[in-house]
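A closer look at the structure
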Amino acid sequence: MRIIVALLILWPLAATASPASDALKREGLRSLEANRYEEAIERFRAATLADPADRDAAFLLGATFNRAGDFEGAYVRLKTLEDTGYRNREFDFEIGWSLLGMGRAGACVPRLARYEQAVPGRAITSELLGRCHLLLREYDKAEAKLREALARDPGAKQRVDLYLAQVQYGRGDRQAADATVAGILRGDSDIGRALRDAQ
């Protein structure tokens, strides 16, 4: 699943990093922007080797692991970095996302809720919170956050509807869930095409 988060606007890059590390981070950010995650990982890893004291590079490496779907790898890197005292306003989002990907829904809710308070209004935060509540079988909370995500970003409808269908199935409302899935199947999204191909 493609999730775009505005890492690219969080910098100017730290002035304390070495020129070699800065150059590698800029290359990595271009790769990240183009969704070439493995390439971005290589660049950010190289930046951490070029300047082991550059904690921005270490953060970017961990965040990119999330986007590549390696949630445990992201969590280990980000939590270790957080424990060193490094601060970044995106920690709660990134670690919350990692925890969700690892199936640790109870731990991801407070992280993402704290991030929502600090950086309100992002659809993806609402979506991830909704998914955490879904894993916890807190269906009313899940639906509320997923619908909030849709209100914030109508373009996420096909993806969010997939989770809303799971909420409906969880409540035992198979008819509503089937109707939601049918709507996804009729859509011209990556998710709709993937579901049609799987039939």
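As the structure is a computational prediction, the values presented were derived from the model and not from experiment. (Residues numbered from 1 in each chain as written. Predicted model: local features only at pLDDT ≥ 70, side-chain atom pairs only at ≥ 80, totals over all residues. Heavy atoms only, no water.)

What follows is about the overall build of the protein. What the protein contains, in helices and strands, is 11 helices and zero strands. Moving toward the C terminus, one meets the helices and strands of the protein in the order α-α-α-α-α-α-α-α-α-α-α. Taken over 199 residues, the protein has a buried fraction of 49%. Considering only contacts within the protein whose residues lie at least 6 apart along the sequence, 52% involve residues at least 24 apart. When the accessible surface of the protein is split by element, carbon and sulfur atoms take 51% of a total near 10000 Å². (Helix = DSSP H or I, 4+ residues; strand = E, 2+ residues; numbered from the N terminus. Buried < 20%, exposed > 50% of the residue type's maximum accessible area, 1.4 Å probe, protein only. Contact = heavy atoms within 4.5 Å. Areas by Shrake-Rupley, 256 points an atom, 1.4 Å probe, with all protein chains shown as cover.)

Let's shift gears to the packing of aromatic side chains. In this structure the tally under the stated criterion is six aromatic pairs. On the numbers, 6.4 Å between centres and 45° between planes, the contact of Phe-59 with Tyr-86 is tilted. In this pair, Phe-59 is assigned in helix H3 (residues 55-67) and Tyr-86 in the loop between helix H4 (71-83) and helix H5 (91-101), connecting sequence segments 27 residues apart. Judged by centre distance (5.7 Å) and plane angle (85°), the rings of Tyr-86 and Phe-91 are edge-to-face. Considered together, Tyr-86 and Phe-91 belong to a single accessibility category, that of buried residues. Among the aromatic residues, ring-to-ring pairing joins Phe-71, Phe-93, Trp-97 and Tyr-115 into one connected group. The ring of Phe-65 carries Arg-77 above its face, with NZ or CZ at 4.1 Å from the centroid. The aromatic ring of Tyr-75 is capped on one face by Arg-104, whose charged end is 5.3 Å from the ring centroid. (Phe/Tyr/Trp six-rings, centres within 6.5 Å; stacked < 30°, edge-to-face > 60°. Lys NZ or Arg CZ within 6 Å of the ring centre and 35° of its normal.)

Right, let's talk about the environment of Asp-83 for a bit. The residue Asp-83 is located in helix H4 in this model. Here Asp-83 falls in the exposed class, since its relative accessible area comes to 56%. Of the polar contacts made by the side chain of Asp-83, one reaches the side chain of Lys-79; its length is 2.7 Å. (Polar contact = N/O pair within 3.5 Å; in protein donor to acceptor, adjacent residues only side chain to side chain.)

Bringing the state of the cysteines into the picture now. If you walk through the whole model with that rule in mind, you get one disulfide. Here Cys-108 connects covalently by a disulfide to Cys-132, the sulfurs 1.8 Å from one another. Here Cys-108, found in helix H6 (residues 105-118), pairs with Cys-132, found in helix H7 (residues 123-135); they are 24 residues apart in sequence, far enough to count as distant. Relative accessible area serves as the criterion here: at 0%, Cys-132 is assigned to the buried category. (Disulfide = S-S within 2.5 Å.)

The next subject is the pattern of salt bridges. The final tally for this structure, using the stated rule, is 22 salt bridges. Put simply, Arg-122 and Glu-90 hold a salt bridge, and the shortest N to O gap is 3.3 Å. Residue Arg-122 is located in the loop between H6 and H7, and its partner Glu-90 is located in the loop between H4 and H5; the two are separated by 32 residues in the primary sequence. Neither residue differs from the other here; Arg-122 and Glu-90 are each classed as buried. (Salt bridge = Lys/Arg side-chain N within 4 Å of Asp/Glu carboxyl O.)

This part takes up the packing of helix H1 (residues 19-33) against H3. Where H1 contacts H3, the axes come no closer than 11 Å and their chain directions differ by 20°. As far as their axial angle goes, H3 and H1 are roughly parallel. By crossing handedness, the relation of H1 to H3 is classed as left-handed. Here H1 contributes Ser-21, Lys-25, Leu-29 and Leu-32 to the contact with H3, which in turn contributes Asp-56, Ala-57, Leu-60, Thr-64 and Arg-67. Of the residues in the contact of H1 with H3, the class split is four nonpolar, two polar and three charged. (Axes fitted to C-alpha atoms, helices over the stretch in contact; angles between N-to-C directions. Parallel < 35°, antiparallel > 145°, perpendicular 65-115°, else oblique. Left-handed = near helix turned anticlockwise from the far one by under 90°. Nonpolar A, V, L, I, M, F, W, Y, C, P; charged D, E, K, R; others polar.)

What follows deals with helix H2 (residues 37-50). Owing to its 3.6 residues per turn, the α-helix aligns residues three or four sequence positions apart on the same side. The terminal C-alpha atoms of H2, which comprises 14 residues, lie 20 Å apart, in line with the 20 Å expected from a rise of 1.5 Å per residue. Among the residues making up H2, those that are buried are Tyr-37, Ala-40, Ile-41, Phe-44, Ala-47 and Thr-48. The buried residues of H2 occupy an angular sector of 125° when projected down its axis, which confines them to one face. Counted as exposed and oriented over 90 degrees from the buried face of H2: Glu-38 and Leu-49. Among the structural elements, H1 and H3 are those in contact with the buried residues of H2. (Expected span 1.5 Å × (residues − 1). Arc of directions from axis to C-beta.)

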